[in-house]
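The chain contents come next:
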Amino acid sequence: REDLPVPPVGPDSVLVRVRAAGVNPVDAQIRRGLLADVIPTWSPVVLGWEGAGVVEAVGPAVTEFRPGDEVYGYFRKDFVRDGTYAEFSTIRDAHLARKPESLSFEEAGAAPLAGLTAWQLIDEVLRVVDDQLVLIHGASGGVGSFAVQLAKRAGARVIAVASAGNHAYLRELGADEC
């Protein structure tokens with residue numbers, strides 16, 4: 001453990017006091033050095049690509065957020081150093097959203113990476129449309145549970161693959177078959 005200075009706020013960035021951070025497999029891979037050739041790290045490394053918290057300060061070009069706003073977002077940068085496993089983290093304003101009142105900080109802090117991954121798959125890669133049949137493996141996991149909902153929103157018929165103990169949950173999310 002080390003005390004670090006509060007990260008500087010860029011012109012189009014927001015300083016967030018982190019209340020909750022998502023924990024993802026990519027964090028463990030970085031910690032083990034498995035992504036060193038793909039994602040550079042700068043010491044001291046602070047992991048964490050997603051989080052939720054309260055705006056502390058904004059850069060001069062930021063117009064959408066103010067100190068005190070409850071927010072969440074995808075804090076990934078082109079390098080790993082100032083992640084969300086810290087008291088404070090910075091994020092470009094375009095990668096931040098207001099936290100829905102219906103979500104706790106913990107729920108919002110764990111949503112961006114899995115939600116974005118599912119959205120990219122369902123909307124951008126597969127371009128799921130009305131009446132399409134979609135099979136989702138690992139449907140009760142983070143990415144899978146978002147994928148079920150997004151595919152249903154697109155009008156698809158969804159077959160969700162998961163253990164029997166998760167079938168009721170998946171039906172609540174909109175799965176047609178499990």
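What counts and how
Residues numbered from 1 in each chain as written. Predicted model: local features only at pLDDT ≥ 70, side-chain atom pairs only at ≥ 80, totals over all residues. Heavy atoms only, no water. 1 Å grid on protein atoms, 1.4 Å probe; cavity = no way out; pocket = protein on both sides within 12 Å on 5 of 7 lines; lining within 4 Å. Points joined across faces, edges and corners; volume = space filled by probe spheres on them. Helix = DSSP H or I, 4+ residues; strand = E, 2+ residues; numbered from the N terminus. Core = buried A, V, L, I, M, F, W, Y, C linked by side-chain atoms within 4.5 Å. Buried < 20%, exposed > 50% of the residue type's maximum accessible area, 1.4 Å probe, protein only. Contact = heavy atoms within 4.5 Å.

K.L.:
Just checking my understanding: could you explain the layout of surface pockets for this structure?
P.N.:
Rolled over the atoms, a probe with the dimensions of a water molecule shows which regions are left empty. Here the largest pocket is characterised by a volume of approximately 600 Å³. Lining the largest pocket we find 20 residues, and of these E2, L4, V46, Y85 and A86 sit closest to its centre. Among the secondary structure elements, those contributing two or more residues to the lining of the largest pocket are strand 2 (41-46) and strand 5 (80-82). Ranked by the residues each element gives to the lining of the largest pocket, the list is headed by strand 2, at three residues. When its volume is computed, the second largest pocket comes out at roughly 300 Å³. What lines the second largest pocket is a set of 16 residues, and nearest its centre among them are R76, K77, F79, T90 and R92. Elements with a minimum of two residues in the lining of the second largest pocket: strand 5 and strand 6 (88-92). For the lining of the second largest pocket, the leading source of residues is strand 6, giving three residues.

K.L.:
Even after reading the chapter, I still don't get the nonpolar core, so can you show me in this structure?
P.N.:
The tendency in soluble globular proteins is for nonpolar side chains to be buried side by side. The biggest cluster of nonpolar side chains holds 16 residues, and the ones touching the most others in it are I136, V148, A151 and L170. Going through the elements one at a time, helix 3 (112-125), strand 8 (133-137), helix 4 (142-153), strand 9 (157-161) and helix 5 (167-173) are the ones with two or more residues in this core. Among the elements that line this core, the one with the most residues is helix 4, at four residues. Dropping the residues within four chain positions of it, A151 is found in contact with I122, V128, V134, I136, A156 and V158.

K.L.:
It is not clear to me how the side chain of H167 should be interpreted in this structure. Could you clarify?
P.N.:
Along the polypeptide, H167 turns up in helix 5. Residues in contact with H167, not counting those within four places in the same chain, are A162 and C178.

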